[in-house]
Structures are given as C-alpha cells and as structure tokens.
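# Structural characterization, general
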Amino acid sequence: VSLLRGEPGTDVEITVRRGDSMEFNVVLTRALIEVPTVKSGFVKEAPGKTAMLRIIEFTPLTSVRVQEALDQFIAEGFTSLIIDLRDNPGGVLSAVEDVANKFIETGVIVSTKGKQEYYNSVYSANPRQTTMPENIPIVVLINGGSASASEILAGALKDSKKAYLVGEK
C-alpha cells in the first residue's frame, strides 16, 4: 500500500498476477478519491420548497459539501430544511464544528472534558461563519444509529433552538 501512495497525478506501475502463471503490468495514475459524505435535493411530496440534506459522515470535506448544498437551496428559494442524520456514525470533531457554525450564530456547540486539563475544550459558534438564513425552519432526523459527531450536531441545533429533532433516542 505504501508503494501505491504518492502525489496525485503521478503514475505507478503495478504487476497483476492471476492464478499461478498469468502476469502483466498496469500503469495507474494516482488520484484523490473522495467518498461522498453529503447528499442533497428537494422533497417533491413536501409542501413549499423543502430541501433535504443527508449527512452520511463527518469528514474534513463535509462542511464544504454542506455549504455547496446550502448555496443551491438558497439560490432555488427553499422554504424549509430537513437534515437527515440517521445511521450517521459520526466522524471528525472539527468537521461537525464547521457544519454547526453554518447554522448557529452564538453559543457553545460542544465541550470536551478529560482527566487531564489539556483535554478540556469549548467549541463555540462563530457568527461570521453562519450561512443558513435565519427564517428557515429545520427538522433533524435521528435514530439509534446516529452517533458521535451526528449527536453533537443534533444536540447543538436543538439546544440553540434552531431545529426540532424527530426520531429515536
């Protein structure tokens, strides 16, 4: 695996072996592969222009993809938003902080506490990073598979009175 890794856009030659006697070389071009973490669209059956934002997992690129979806929703004049966090296993803490900042202007997003002082942190909302229009109602879907970072986002949106939670504990 370490021999396959390298600068995107560069080539690597590998030997493929099939069975006991068949061997051939293949040249592969290295690339960054992004696993989709956000799906978005509009709910056709809902009244008005209800947008749906499905966050599958929180990775370093999730907040960028969420912003792209919000920009599309704003351009198309959405009137309400559903954020689907069902079966989201969580992910990177900084990613959920960045996503929460898009919705919450002020207050604590999450705090961490540990046995040692350096584990104690408070992550607060930054009003300069908020991009979600104020007057749009939000519903967050959660279930028993919503964990970690998805619980942080759901809790922060609920505690800041930005969203209603619907689903399972």
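Structure's up top.
Description of the structure in this document. (Residues numbered from 1 in each chain as written. Predicted model: local features only at pLDDT ≥ 70, side-chain atom pairs only at ≥ 80, totals over all residues. Heavy atoms only, no water.)

Attention now goes to the pairing of strand β9 (residues 164–167). For strand β8 (residues 138–142) and β9, the ladder comprises 4 bridges, and the chain directions are parallel. Residue pairing in the sheet places Val139 in a bridge with Tyr164 of β9. Following the chain from β8 across helix α3 (residues 149–159) to the adjacent parallel β9, one finds a crossover that is right-handed. (Pairing = 2+ DSSP bridges. Helix = DSSP H or I, 4+ residues; strand = E, 2+ residues; numbered from the N terminus. Right-handed = clockwise from strand over helix to strand, strands pointing away.)

Let us now look at helix α2 (residues 93–103). Across the 11 residues that make up α2, a large majority, 8, are buried. Every buried residue of α2 is listed here: Ala95, Val96, Glu97, Val99, Ala100, Asn101, Lys102 and Phe103. (Buried < 20%, exposed > 50% of the residue type's maximum accessible area, 1.4 Å probe, protein only.)

What follows deals with the side chain of Thr62. Considering the arrangement of structural elements, one finds Thr62 in helix α1 (residues 62–75). Given a relative accessible area of 0%, Thr62 falls into the buried group. Within the local environment of Thr62, its side chain forms a polar contact with the side chain of Thr37, the two groups lying 3.1 Å apart. Setting aside residues up to four positions removed in sequence, Thr62 forms contacts with Thr37, Val38, Ile55, Glu57 and Val99. (Polar contact = N/O pair within 3.5 Å; in protein donor to acceptor, adjacent residues only side chain to side chain. Contact = heavy atoms within 4.5 Å.)

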